[in-house]
Amino acid sequence: MKKNHAKLHDRVRHLPWREMPLEHYDRTRAHHRIEIRRLKAAAFDHLDYPDAKQALQMVRWRLDRATGELTIERIYLITSLAPGAATGPELASWIRGH
């Protein structure tokens, strides 16, 4: 979800993500980087978006071991998949491959 849907983006961004359980955690080392990805999901009956069933938050940390530079990125997504239709690792894999 990009900021061109300002109201929807704002609603999803301000959900109580700290209270949500972690659905998936992944740590990898590749290309002189350490990457950590954390995924959380929140179910909804109605999100003011057609067929939206869940909102997702993916937080990615990238540490460049050569320069020491740390990048933290937070992205928000919505999906029509019902809660339980896909596991956290499946969702994370789909997001990464998108």
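These lines cover the structure that appears in this document, whether it is placed above or below. All values derive from a computational prediction rather than experimental measurement.

Points about the packing of aromatic side chains
Next, step 1: For the structure on display, the rule yields one aromatic pair.
Next, step 2: Aromatic side chains W17 and Y76 sit 6.2 Å apart centroid to centroid with 40° between the ring planes, which places their arrangement in the tilted category. One end of the pair, W17, is in the loop between α1 (6-13) and β1 (22-30); the other, Y76, is in strand β4 (residues 70-79), with 59 residues separating them in the sequence.
Next, step 3: For Y76, a relative accessible area of 7% gives the class buried.

Quick word on the sheet that holds strand β2 (residues 33-43)
Next, step 1: Taken in spatial order, the four strands line up as β1-β2-β3-β4 in an open sheet, and their pairing is antiparallel. Each end of this open sheet is capped by a strand with a single partner; those strands are β1 and β4. Within this sheet the neighbouring strands show an average axis-to-axis angle of 15°, counted without direction.
Next, step 2: Note that strand β3 (residues 54-64) and β4 share 10 bridges and pair antiparallel. Bridged to L56 within β4 is L77.
Next, step 3: Against the sheet, α1 makes contact with β3 and β4, and its axis sits at roughly 110° relative to β4, the strand it touches most.
Next, step 4: On top of the sheet, helix α2 (residues 88-97) reaches β1, β2, β3 and β4; it is set at about 50° to β1, its chief contact.

Regarding the pattern of salt bridges
Next, step 1: Scanning all chains against the criterion turns up eight salt bridges.
Next, step 2: Close ionic contact of E35 with R37 constitutes a salt bridge, the shortest N to O distance being 2.4 Å. In this pair, the class of E35 matches that of R37, namely buried.
Next, step 3: Put simply, E73 and R60 hold a salt bridge, and the shortest N to O gap is 2.8 Å. Placement of the pair is E73 in strand β4 and R60 in strand β3, with a sequence separation of 13 residues.
Next, step 4: Here E73 falls in the partly exposed class, since its relative accessible area comes to 30%.
Next, step 5: Accessibility expressed as a relative area gives 16% for R60, which makes it buried.
Next, step 6: Among the charged side chains, a network of salt bridges with common partners joins D26, R33, E35, R37, R60, R62, E73 and R96.

A word on the nonpolar core
Next, step 1: Counting nine residues, the largest nonpolar core consists of L8, V12, L15, W17, M20, A42, F44, A55 and Y76.
Next, step 2: Setting aside residues up to four positions removed in sequence, M20 forms contacts with K40, A41 and A42.

What counts and how
Residues numbered from 1 in each chain as written. Predicted model: local features only at pLDDT ≥ 70, side-chain atom pairs only at ≥ 80, totals over all residues. Heavy atoms only, no water. Phe/Tyr/Trp six-rings, centres within 6.5 Å; stacked < 30°, edge-to-face > 60°. Helix = DSSP H or I, 4+ residues; strand = E, 2+ residues; numbered from the N terminus. Buried < 20%, exposed > 50% of the residue type's maximum accessible area, 1.4 Å probe, protein only. Pairing = 2+ DSSP bridges. Axes fitted to C-alpha atoms, helices over the stretch in contact; angles between N-to-C directions. Contact = heavy atoms within 4.5 Å. Salt bridge = Lys/Arg side-chain N within 4 Å of Asp/Glu carboxyl O. Core = buried A, V, L, I, M, F, W, Y, C linked by side-chain atoms within 4.5 Å.

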